[in-house]
Amino acid sequence: FLSYLIAGKISDASTPAQHVLDLDPTDELARLTLGAVALKQRRYASAEQILGRVSDGTLIGVTGGIMRAWAQVGAGDVDGAFATMDSVGAGGFDEFLVFHRAVMADVGTRREEALRLAREAYEADRFVARIAEAYIRVLGNAGRFEEAAEVLGELEAEGINHPILVDLGSAIEQQRRPGL
């Protein structure tokens with residue numbers, strides 16, 4: 001079970017994970033694995049149910065909470081996802097979760113909320129490539145290509161030329177919504 005996880009073979013780990021849960025119903029890593037597989041298969045209700053049984057007070061619990069919120073977004077329940085993120089954030093992780101909230105809002109077509117949250121995440125930690133990428137994507141998805149180009153220019157001036165940002169730059173230059 002653990003060997004599959006370490007190798008990144010989450011789907012292959014699902015059968016052994018179920019066996020682990022049969023032996024120890026409290027094993028949260030096995031539950032997290034099954035939740036990840038359900039989420040990947042777009043079985044959102046099942047993922048939410050599985051991940052709902054993961055405790056909130058551990059790193060696995062925080063990960064499970066984020067995944068549970070994504071399952072809710074997949075099922076079209078952005079408000080439920082934000083409520084789940086609130087419960088996860090209550091453990092002191094709220095600033096860390098802003099990035100996920102921004103992308104969830106963008107997926108849920110809540111453009112103004114996505115812009116606000118993405119800007120907040122970017123201003124808190126703009127040198128993390130994935131956060132910068134999300135901010136630029138949210139700007140592009142909202143049709144704010146000039147602002148997105150300015151952010152890209154600022155990062156480039158700082159010497160940040162991560163490949164994901166370079167690829168994103170061509171979409172912004174062509175004024176194409178980059179999607180997620």
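Just so you know, these numbers come straight off a predicted model, no measurement behind them.

Caption draft 1: Summary view of the overall build of the chain. Of the regular secondary structure elements, the chain holds eleven helices and zero strands. Traced from its N-terminal end to its C-terminal end, the chain shows the element sequence α-α-α-α-α-α-α-α-α-α-α. For the chain, the C-alpha atoms occupy an extent of roughly 55 × 35 × 25 Å along the three principal directions. Within the chain, the fraction of its 180 residues that count as buried is 42%. About 9500 Å² of surface is accessible on the chain, with carbon and sulfur atoms providing 51% of the total. If you average the places of the 18 positive and of the 27 negative side-chain charges in the chain, the two averages end up 6 Å apart.

Caption draft 2: View of the layout of surface pockets. In this structure, the largest pocket spans a volume of roughly 220 Å³. Of all elements in the fold, only helix H7 (94-107) and helix H9 (129-141) reach the threshold of two or more residues within the lining of the largest pocket. At five residues, H9 tops the list of elements feeding residues into the lining of the largest pocket. Its residues placed into classes, the lining of the largest pocket shows seven nonpolar, no polar and four charged.

Caption draft 3: Representation of the packing of aromatic side chains. Per the stated rule, a full pass over the model turns up one aromatic pair. We note Arg-101 situated over the ring of Phe-82; from NZ or CZ to the ring centre the distance is 5.7 Å. Positioned above the aromatic ring of Phe-82, the side-chain terminus of Arg-110 is 5.8 Å from the ring centre.

Caption draft 4: Looking closely at H9. In this model H9 runs 18 Å from its N-terminal to its C-terminal C-alpha over 13 residues, within 8% of the 18 Å that 1.5 Å per residue would give. Counting buried residues in H9 gives twelve out of 13 residues, a clear majority hidden from the surface. Within H9, the full set of buried residues consists of Ala-129, Ile-131, Ala-132, Glu-133, Ala-134, Tyr-135, Ile-136, Arg-137, Val-138, Leu-139, Gly-140 and Asn-141. Those residues of H9 that are buried are in contact with H7, helix H8 (111-124), helix H10 (145-157) and helix H11 (163-173). Positive backbone phi, at 80 degrees, marks Gly-143, one or two positions downstream of H9.

Reading the values: rules and limits
Residues numbered from 1 in each chain as written. Predicted model: local features only at pLDDT ≥ 70, side-chain atom pairs only at ≥ 80, totals over all residues. Heavy atoms only, no water. Helix = DSSP H or I, 4+ residues; strand = E, 2+ residues; numbered from the N terminus. Buried < 20%, exposed > 50% of the residue type's maximum accessible area, 1.4 Å probe, protein only. Areas by Shrake-Rupley, 256 points an atom, 1.4 Å probe, with all protein chains shown as cover. Lys, Arg positive; Asp, Glu negative; His and termini not counted. Charge placed at Lys NZ, Arg CZ, Asp CG, Glu CD. 1 Å grid on protein atoms, 1.4 Å probe; cavity = no way out; pocket = protein on both sides within 12 Å on 5 of 7 lines; lining within 4 Å. Points joined across faces, edges and corners; volume = space filled by probe spheres on them. Nonpolar A, V, L, I, M, F, W, Y, C, P; charged D, E, K, R; others polar. Phe/Tyr/Trp six-rings, centres within 6.5 Å; stacked < 30°, edge-to-face > 60°. Lys NZ or Arg CZ within 6 Å of the ring centre and 35° of its normal. Expected span 1.5 Å × (residues − 1). Contact = heavy atoms within 4.5 Å.

What is shown is where atoms sit, not what they do.
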